[in-house]
Amino acid sequence: MVLYQSLYRQYRPLGFEQGFVGQEHIVRTLQNSLKTGRLAHAYLFSGPRGTGKTTTAKILAKAVNCLSADGPVSEPCNQCELCMAVNRGNAMDVIEMDAATNRGIEEVRDLRDRVQYAPALGRYKVYIIDEVHMLTTEAFNALLKTLEEPPAHVIFILATTEPQKIPATILSRCQRFDFRPLTEGLIAAHLQSIAQQAEANLDPDAADILAFRAQGGMRDAIGLLEQVIAYAQGDITPEQVWQALGTVDKARLAELANSLATKDISAVLKLLDEFGNMGLDYRQLLTDLLELLRERLLQVTGARKNTKLGENLIIKTAPEIMTMMDAVAAGLQDSRRWTHPRLAAELTVIKICNSPGPISEKARPAKAVTKARQESASVTQEKWEEILSLVKGESISSYAWLKEAKAFIKEGDLMLEYPGNYKLHCENIVKPEHRQVIVQAFRQVLGIEKFKVITRE
Ligand SMILES: [Zn+2]
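Residues numbered from 1 in each chain as written. Predicted model: local features only at pLDDT ≥ 70, side-chain atom pairs only at ≥ 80, totals over all residues. Heavy atoms only, no water.

Participant: So, the pairing of strand E8 (residues 413-419): which residues are in play, and what are the values?
Facilitator: The element E8 is largely enclosed, with a buried count of 7 among its 7 residues. As judged from the 5 bridges shared by strand E7 (residues 406-410) and E8, these two strands associate in the antiparallel manner. Its bridge partner lying in E8, lysine 406 is registered against glutamate 417. The antiparallel pairing of E7 with E8 creates a hairpin that spans 2 residues between the two strands, and glutamate 411 there sits at a positive phi of about 45°. Here E8 pairs with strand E9 (residues 451-456) via 6 bridges, running parallel. By the bridge assignment, methionine 415 is partnered in E9 with lysine 452. (Buried < 20%, exposed > 50% of the residue type's maximum accessible area, 1.4 Å probe, protein only. Helix = DSSP H or I, 4+ residues; strand = E, 2+ residues; numbered from the N terminus. Pairing = 2+ DSSP bridges.)

Participant: Tell me what's going on with the coordination of the zinc ion, and back it up with residues and numbers.
Facilitator: Only Cys66 (SG), Cys77 (SG), Cys80 (SG) and Cys83 (SG) from the protein reach the zinc ion as donors, at distances of 2.3 to 2.4 Å. Mapping the donors of the zinc ion onto the primary sequence gives the spacing C-x10-C-x2-C-x2-C. When sorted by exposure, cysteine 80 lands in the same class as cysteine 83, which is buried. (Donors = N, O, S within 2.8 Å, 3.2 Å for Na, K, Ca; no water.)

Participant: Quick rundown of helix H10 (residues 218-231)? Include the residues and the values.
Facilitator: Look at H10: 20 Å from first C-alpha to last across 14 residues, which is about the 20 Å you get at 1.5 Å a residue. For H10, every residue scored as buried is listed here: Met218, Ala221, Ile222, Leu224, Leu225, Glu226 and Val228. Where H10 is buried, its residues meet helix H1 (7-10), helix H8 (184-197), helix H9 (204-214) and helix H11 (238-244). (Expected span 1.5 Å × (residues − 1). Contact = heavy atoms within 4.5 Å.)

Participant: Would you mind going over the environment of asparagine 312 in detail, with residue names and values included?
Facilitator: Residue position: asparagine 312 is located in the loop between helix H14 (282-300) and helix H15 (318-335). Owing to a relative accessible area of 38%, asparagine 312 belongs among the partly exposed residues under this scheme. Separated by 61 residues in the primary sequence, asparagine 312 and alanine 251 have C-alpha atoms spaced 8.2 Å apart. Apart from the residues lying within four places of it in its own chain, the contact partners of asparagine 312 are Ala254 and Asn258.

Participant: Could you give an account of the domain arrangement of the protein chain, with specific residues and numbers?
Facilitator: Structurally, the protein chain comprises domain 1 (7-178), domain 2 (184-244), domain 3 (250-354) and domain 4 (375-456). Taking the mean C-alpha position of each, domain 1 and domain 4 sit 39 Å from one another. (Domains from an automatic or database assignment.)

Participant: If you had to explain the packing of aromatic side chains to someone new, which residues and values would you point to?
Facilitator: Applying the stated criterion across every chain, the model contains 6 aromatic pairs. Ring plane angle 55° and centroid distance 6.4 Å describe the contact between tyrosine 43 and phenylalanine 45, whose orientation is recorded as tilted. Assessed through its relative accessible area of 0%, phenylalanine 45 is described here as buried. Residues tyrosine 127 and phenylalanine 156 carry aromatic rings whose centres are separated by 5.4 Å and whose planes lie at 25° to one another, so their mutual orientation is stacked. With tyrosine 127 in strand E3 (residues 125-130) and phenylalanine 156 in strand E4 (residues 154-160), the pair connects residues that are 29 residues apart, well separated along the chain. In this structure tyrosine 127 comes out as buried when scored by relative accessible area, which is 2%. (Phe/Tyr/Trp six-rings, centres within 6.5 Å; stacked < 30°, edge-to-face > 60°.)

Participant: Tell me about the packing of H15 against helix H16 (residues 341-354), residues and numbers included.
Facilitator: Where H15 contacts H16, the axes come no closer than 9 Å and their chain directions differ by 155°. Taken together, the axes of H15 and H16 are roughly antiparallel relative to one another. Handedness of the H15/H16 crossing: right-handed. Note on element contacts: H16 touches H15 through Ala344, Thr348, Lys351 and Ile352, opposite Met324, Ala327, Val328, Gly331, Asp334 and Ser335. Of the residues assigned to the contact of H15 with H16, the class counts are 5 nonpolar, 3 polar and 2 charged. (Axes fitted to C-alpha atoms, helices over the stretch in contact; angles between N-to-C directions. Parallel < 35°, antiparallel > 145°, perpendicular 65-115°, else oblique. Left-handed = near helix turned anticlockwise from the far one by under 90°. Nonpolar A, V, L, I, M, F, W, Y, C, P; charged D, E, K, R; others polar.)

Participant: Could you give an account of the sheet that holds strand E5 (residues 175-178), naming the residues involved and the relevant values?
Facilitator: The 5 strands are arranged E2-E3-E4-E1-E5 in an open sheet whose pairing can be described as parallel. Each edge of the open sheet carries a strand with a single partner, namely strand E2 (94-98) and E5. On average, each strand axis in the sheet is inclined to that of its neighbour by 15°, with strand direction left out of account. Sitting on the sheet, helix H2 (residues 24-36) is in contact with strand E1 (42-46) and E5, with an inclination near 150° to E5. Relative to the sheet, helix H6 (residues 137-148) contacts E1, E3 and E4, its axis offset from that of E4 by approximately 140°.

Participant: Residues and numbers for helix H3 (residues 53-65), please.
Facilitator: The end-to-end C-alpha distance of H3 is 19 Å, a good match for the 18 Å that 13 residues give at a rise of 1.5 Å each. Counting buried residues along H3, 13 of its 13 residues qualify, which places the element largely inside the surrounding structure.

Participant: Any details on unusual backbone geometry? Residues and values, ideally.
Facilitator: The backbone of asparagine 78 sits at a positive phi, close to 60°, despite the residue not being glycine. Looking at where asparagine 78 falls in the secondary structure, it is placed in the loop between H3 and helix H4 (81-88). You will see that lysine 263, though not glycine, has its phi angle at about 55°, which is positive. Inspection of the secondary structure assignment puts lysine 263 in the loop between helix H12 (250-261) and helix H13 (265-277).

Participant: Before we move on, can you summarise the packing of H8 against H9 with the specific residues and values?
Facilitator: In the contact formed by H8 and H9, the axes pass within 8 Å of each other and the chain directions differ by 125°. With respect to H9, the axis of H8 lies oblique. Crossing of H8 against H9: the hand is right-handed. Of the residues in H9, those touching H8 at Glu184, Ile187, Ala188, Leu191 and Gln192 are Pro204, Ala207, Asp208, Leu210, Ala211 and Phe212.

Listed below in C-alpha cells is the structure:
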C-alpha cells in the first residue's frame, strides 16, 4: 500500500542546510549556539503561519539529541535512531503539543510531572508547544512554574503566530526568534524547485500567482501548488492556476476590469450576474480582480518584465490602476461586514463606475491633497506604514532616513519629498546600502521600483 504524503511533508526540510528557506538569520544563530553548546531552556519562535517555525523546532530537537556525536550537533544526521523517530513523528523524547486543541491546565500539569523523568534515548526532552498563545491563564501559570525551575534535561520550544498574547513572565524566560514572512520571490523559487522534484513543469508566471496567493506562508503556497498539480495536465500555466483554484478565467476578469475602466455599469452588472450564476465566490472575485490589477501595475511600472498577465487591460497608467486597486481593496474590506458578499461586490463596482474623472478619487477615503500634488496619487497611510515596517525590519538606519519623507506617486514614479533643510536625508537615502533596502520594500508593497528624491521649499 502506498501511503499518500502531501508535498509539504514530502519536501519539508529535514536539516538546517537542506534548502531551508528564508530564515537564514535564525538558522545561523541556532547553529552557533549548538556549536558552542550554549543552549537555552526555552525558545520562543514567533511569526506568521507557514514561515518554518515548527519545521525549525523539529530540526533543533534533532540537533540537540542526534546520536551521531557525543553532544549536540549543528546539523542533524537524519540517519540515527533518534533523528528518524523525530522524522516519523514518534520520538519519545520529542513531545509535540498543539495548544489550539489542547488548551487545558491538565495537560500542562501532567507535563510538569513528566518533565522530571530523564529522556529515554537522547540528551534532552524537547517539548514543542504550537500556538502557545492559546493556552488558558491557568495553563500559562502552570507552564511558568516549570520554566522557573526547568530540569537540566528539558528544552521548551514555544511557537506562536501571536506573541503579543503571551504573558511577559513567560516571554522573559525565552530566547526569542522572530520568523519573517517569506518574500514572493523566495516562495516562487522554492515552488519551482519542488515542482522540478515532482517532475511538473511550472510556468514562472504561474509560480508568481501562487506565491502572491500564499501571502508569505510557504505551507499555503505548497498546498496551492499541490491542488494545481492534481488538476493540471502537463505544463502548469497561469490559466490552469486560475482554473484549478476555482477562480474566474482571466479573459472574463479582464473584461470586468475593462468595463470598470470605461465605467460601463450595465456591462459590469451583467458580468457580475454571470459570475454569480457560475457559483463564484464574490470575495474571491474581488481578490482576483485585485491580483490582476497588481500584475498590470507591475507591468506598466516595468517592475516585472516578461509577464503577459494583465496585458489585455485597457487601463494604462499607474495612478489609474492604483486608484482602482484602492477601491477594490476597500470593497473587499467592506465585504467582511456584509452577510451578502454580492451586495458588497455590486456596491464596489457601482462606486467605481459612478466616480467622476477617468477613475475617481471618490472611491477612496477623502484625503487632503495639497495643490502641488494634484497631478499625483498619494500613497495611503497604511501602505506607507507597511513600507516603513519592512524597511525597519531590514535596517534601522535606512528606516531613520526614510521615515522623514512624504511619499506620493507621480507619473508612475514614487516621489520622496523632504523638507528643504533635510539635505543629509536626501544625500543618504540614495546611497546604495539604503537604496537596496527601500526599493525592495517599494516593490513589495507598491510594485514600484523607481523613486525620485525631491525637496519641499
Ligand atoms: Zn541523528
